[in-house]
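Next come the chains, spelled out residue by residue.
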Amino acid sequence: MKTSFKRSAMLAVASIGAIGILYACATKGATTQSLVSGDAASRVYVAPGSYDEFYTFMSGGYSGQVSVYGLPSGRLLKLIPVFSQFPEDGYGYNEETKPMLQTTYGFLPWDDSHHPELSQTDGVPDGRWLFINANNTPRIARIDLTRFETDEIIQIPNSAGGHASPFTTPNSKYVVSATRFSVPIPNTDVPIDSYKKNFKGTLSFITADQPGKMDIAFQILMPGYNYDLGHAGKGPSDGWFFFTSYNSEQSNTKLEENASQNDKDFVAAVNYKRAEECVTQGKAASRPSDYMHNWIDSTSRIAKSEKKTSVKMIDPQSCPGIVYYLPTPKSPHGVDVDPTGEYIVAGGKLATVIPVHSFTKMQKAIADKAFEKEIDGIPVLKYDAVMAGEVQKPGLGPLHTEFDGKGYAYTSMFISSEVVKWKLGTWEVVDRIPVYYSIGHLMIPGGDSKKPWGKYLVAMNKITKDRYLPTGPEMAQSAQLIDISGDKMKMLLDFPTIGEPHYAQGLPASIIKDKQLKYHKLAENTNPWVTKSENDGGITRTGKRVDIKMIAIRSHFAPDNLEGVQVGDTVYFHVTNIEQDWDILHGFAVLGANTPELILAPGETRTLKWIPKGPGVYPFYCTDFCSALHQEMQGYIRVSPAGSSVKLMANVSKKSQAQIGDAKKGQ
Ligand code: K7E
Ligand code: CUA
């Protein structure tokens, strides 16, 4: 949703003169001062040593990561690597985490992450996990919120552009992923202009409530549209899932024009309980489909990869009642379900209204068979039969909506750069506030759940222009914190973000802050190369492979002098941080290594693979200023020419020297 949409949005603006002026005004950055209330500073001030009230998790967009901020301060607390290698701590570089980035296309060190989604219990964020999607090579990751680490990644087959993802059902039984790009399924060599005939979409339901066991429960084969976003029903609509689609024109070129022809596209309403029945009744076909499932073993902390080879695919023609289309103006982007579960709000990017569907009316329309037509076995319900109301004159370019739990909805307006507050049921606009500029998603903690914590709203903006000190052609994207506790929205704070934030989720800090793991228990570390005490380190050779077991503790490595390595060897440094104390990290880096350092949490073993290029003596050192004598935390490894008679040596205890002897005998 970045460049191309921006361009079409601009075109849309250009074509509507009066609105063009409105936009021009907004982009002048005129008088935010006047919008900021006098007490804004104290409302966002979190004194040194005090905690923020909320955690917020922002997607990193094309950084492929997640960033964690405190609210209301906007302080950056952490970056969590997910889909991209992360030199800062060695994620995706060290041997333990490399398998996390395995796919059927091989090792992928990058992706584009859009939507963080907190796990839920009974429709309320529960702080167990955060899910996030990969947009380019469709995947879904699970982040464990006791450790703020990525634990599991599953690839989604028969899909391209996993954008409508990873929205959750109310107990996180499933998270979903839908194809943004329709593709031939299975993907084969066909002419692109055979799109209408050969290209299809899929909606995937992935089991998510058991760590380490994510799997594709089933996929639903859909007409070849672009599926954009989704949200689960809740309360009365529990058991249903709603996905927006655009390009119902099924165009394969110049979509900015050709996919904007129809006045209405569709929200697909999926009865996933019905899908489960069809699977049980054997109505889903097993389709050969390769995909990878990667997860971290909880005691060894080593990632494993398994390849899966088939999915259950449901064709709506053979499972009547599984999907209905709700006509929705126009090229809808977001689809959001209000806290009661009754209203389904669509963000029709090119629509002049915000259309709201009623779940009750939808049920009745289905019972009455109020169908306009059928597309590939999917009944299209009549717009008037399902519509609850339309928000008139909301602004331009509605994208996403969140809720405050007090009967109001807040919609982001990309083109007119504002947040619009409106009332559920009467559909009247009650307030609006400009944002700077071109807002994408907005977020209220719990704002897509049954119980929003409706105190703050965060606007995530695509364009920063004049808001910060300039930094060359590229400016940080921007988040803005808005107070929504009163009748009128109040601008409180700007803060820059990492990558493109797209969406965020937030929850009260109290839900997770006391559940944090402080260190990994060394006694429970089952990494096969763990070193649990200083005397257990050493060096062993197996052919041309050399393994070094080493501990790190304030303020030394043991061993710290190593000899006997030869050019042509592949060396594995297995370093264990044997500290058992919160926040005491060590690092490990060696001169000339072609991958970054290791950063080791207390009690953790990490492995750096090193292929020395020539004879010499190479220093290594701790990269995390861990103690007063951190600068003394270093060592040397000697590399001799191939075939050298220099003996393997690690200067640790007598005991381990004896072990080295044994290992040598074993050669
Ligand atoms: Cu609107 Cu990818 Cu959710 Cu960006 S998407 S804004
Ligand atoms: Cu360990 Cu610095």
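Residues numbered from 1 in each chain as written. Chains lettered and ligands numbered in written order. Predicted model: local features only at pLDDT ≥ 70, side-chain atom pairs only at ≥ 80, totals over all residues. Heavy atoms only, no water.

(A) Looking closely at the pattern of salt bridges. If you walk through the whole model with that rule in mind, you get 33 salt bridges. Among the ionic pairs, Asp122 bridges to Lys450, the shortest N-O distance being 3.0 Å. Pair noted here: Asp122 is in the loop between strand E6 (113–121) and strand E7 (124–134) and Lys450 is in the loop between strand E31 (439–443) and strand E32 (456–461), with a separation of 328 residues, a long-range link. In this structure Asp122 comes out as partly exposed when scored by relative accessible area, which is 47%. Through salt bridges with shared partners, one network takes in Asp144, Arg147, Glu149, Asp151, Arg301, Glu604 and Arg606. (Salt bridge = Lys/Arg side-chain N within 4 Å of Asp/Glu carboxyl O. Helix = DSSP H or I, 4+ residues; strand = E, 2+ residues; numbered from the N terminus. Buried < 20%, exposed > 50% of the residue type's maximum accessible area, 1.4 Å probe, protein only.)

(B) The side chain of Ser289, seen in detail. Within the secondary structure, Ser289 is located in strand E18 (residues 285–296). For Ser289, a relative accessible area of 4% puts it in the buried group. In contact with Ser289, other than residues within four places in its own chain, are Pro157, Asn158, Lys308, Thr309, Ser310 and Val311. (Contact = heavy atoms within 4.5 Å.)

(C) Representation of helix H8 (residues 359–367) in the model. Along H8, the positions that sit buried rather than exposed are Phe359, Met362, Ala365 and Ile366. For H8, the arc enclosing every buried residue in end-on projection is 115 degrees, short of the 170-degree limit, so these residues lie on one face. The exposed residues of H8 that point more than 90 degrees off its buried face are Lys364 and Ala367. Capping of H8 at its N-terminal end is provided by Ser358; its side-chain oxygen lies 3.3 Å from the backbone amide nitrogen of Thr360. The first or second residue beyond H8 is Lys369, which carries a positive phi of 55 degrees. (Arc of directions from axis to C-beta. Polar contact = N/O pair within 3.5 Å; in protein donor to acceptor, adjacent residues only side chain to side chain.)

(D) Molecular detail of the sheet that holds strand E27 (residues 398–403). Strand order across the open sheet formed by 4 strands is E27-E28-E29-E30, with antiparallel pairing between neighbours. In this open sheet, the two edge strands, each paired with only one partner strand, are E27 and strand E30 (429–434). Each strand of the sheet is rotated relative to its neighbour by a mean of 20 degrees, with strand direction disregarded. Summarising the sheet, E27 and strand E28 (residues 408–413) pair through 4 bridges and their orientation is antiparallel. Directly across from Glu402, in E28, lies its bridge partner Tyr410. (Pairing = 2+ DSSP bridges. Axes fitted to C-alpha atoms, helices over the stretch in contact; angles between N-to-C directions.)

(E) Highlighting the site of ligand 1. Among the 11 residues in the neighbourhood of ligand 1, the closest are listed as His114, His115, His163, His441 and His502. Elements with a minimum of two residues in the shell around ligand 1: E6 and E31. Here the residues of the shell around ligand 1 sort into 2 nonpolar, 8 polar and 1 charged. (Near = heavy atom within 4 Å. Nonpolar A, V, L, I, M, F, W, Y, C, P; charged D, E, K, R; others polar.)

(F) Expanded view of the domain arrangement of the protein. Here the protein is partitioned into domain 1 (53–515) and domain 2 (522–666). Between domain 1 and domain 2, the C-alpha centre-to-centre distance is 44 Å. Across the boundary between the two partners, domain 1 contributes 16 residues, which contact 16 residues of domain 2. In total, about 1,200 Å² of surface goes out of reach between domain 1 and domain 2, with carbon and sulfur atoms giving 48% of it. The interface formed by domain 1 and domain 2 contains 1 salt bridge. Across the pair Glu604 and Arg301 runs a salt bridge whose closest N-O atoms are separated by 2.7 Å. Its residues assigned to classes, the side of domain 1 that touches domain 2 shows 3 nonpolar, 5 polar and 8 charged. (Domains from an automatic or database assignment. Buried area = accessible area lost by both parts, 1.4 Å probe.)

(G) Structural view of helix H7 (residues 272–280). Inspection of H7 places Tyr272, Arg274, Ala275, Glu276 and Cys278 among the buried residues, and these make up the whole buried set. On its buried face, H7 sits against strand E11 (174–181), strand E13 (199–207), strand E14 (215–222), strand E16 (240–246), strand E17 (265–271) and strand E19 (303–314). Directly after H7, the chain includes Gly282, whose backbone phi takes a positive value near 75 degrees.

(H) Molecular detail of the side chain of Thr168. Summarising the element assignment, Thr168 is placed in the loop between strand E10 (160–162) and E11. Engagement of the side chain of Thr168 in a polar contact is seen with the side chain of Ser172, the distance being 2.9 Å. What Thr168 contacts, discounting residues up to four positions off in sequence, is Glu117, Leu118, Gln120, Tyr174, Val175, Ala232 and Phe241.

(I) Local environment of the packing of aromatic side chains. Taken as a whole and assessed by the stated rule, the structure comprises 33 aromatic pairs. Grouped by ring-pair contacts, the aromatic residues Tyr174, Phe205, Phe218, Phe241, Phe243 and Tyr272 constitute a single cluster. In this structure, Lys264 packs its charged tip against the face of Tyr383, placed 4.7 Å from the ring centre. The ring of Tyr436 has Arg467 sitting right over it, with the charged end atom 4.3 Å from the ring centre. (Phe/Tyr/Trp six-rings, centres within 6.5 Å; stacked < 30°, edge-to-face > 60°. Lys NZ or Arg CZ within 6 Å of the ring centre and 35° of its normal.)

(J) The arrangement of the pairing of strand E37 (residues 545–553) in detail. Pairing of strand E36 (residues 538–542) with E37, which is carried by 5 bridges, proceeds in the antiparallel orientation. Bridge pairing in E37 links Gly538 to Lys549. Taken together, E36 and the strand that follows it, E37, pair antiparallel across an intervening segment of 2 residues, in which Gly543 is found at a positive phi of about 60 degrees. One ladder, built from 8 bridges, connects E37 with strand E40 (residues 570–577); its direction is parallel.

(K) Molecular detail of the state of the cysteines. For the structure shown, the criterion picks out 1 disulfide. Linked covalently through their sulfurs, Cys278 and Cys319 form a disulfide whose S-S length is 1.9 Å. Of note, the bridge from Cys278 to Cys319 carries an S-S torsion of about 85 degrees and is right-handed in sense. In this pair, Cys278 is assigned in helix H7 and Cys319 in the loop between E19 and strand E20 (323–328), connecting sequence segments 41 residues apart. (Disulfide = S-S within 2.5 Å.)

(L) Geometry of the pairing of strand E9 (residues 149–155). Burial of E9 is extensive: 6 of the 7 residues sit out of reach of the surface. As judged from the 6 bridges shared by strand E8 (residues 139–144) and E9, these two strands associate in the antiparallel manner. Residue pairing in the sheet places Arg139 in a bridge with Gln155 of E9. If you look at the hairpin formed by E8 and E9, you'll find 4 residues sitting between the two strands, and Phe148 has a positive phi there, around 55 degrees. Summarising the sheet, E9 and E18 pair through 3 bridges and their orientation is antiparallel. From the neighbouring strand, Glu152 faces E18, where its bridge partner is Trp295.

(M) Focus on the confidence of the model for the protein. Of the residues in the protein, 93% have a pLDDT of 70 or more, and the chain-wide mean is 93. Scored below 50 in pLDDT, residues 1–32 shows 45 contacts in the model against residues more than four places distant or in partner chains. Residue range residues 658–667 is modelled with pLDDT below 50. Its contacts to residues more than four positions away, or to other chains, number 11 contacts. (pLDDT = per-residue confidence, 0-100.)

(N) Structural detail: the environment of Ile185. Looking at where Ile185 falls in the secondary structure, it is placed in the loop between strand E12 (183–184) and helix H5 (195–198). Overall, the relative accessible area of 14% leaves Ile185 in the buried class. Along the sequence, Ile185 and Ala593 sit 408 residues apart, while their C-alpha atoms lie 43 Å from each other. In contact with Ile185, other than residues within four places in its own chain, are Asn158, Asn198, Lys200, Gly201, Thr202, Leu221, Arg287 and Met313.

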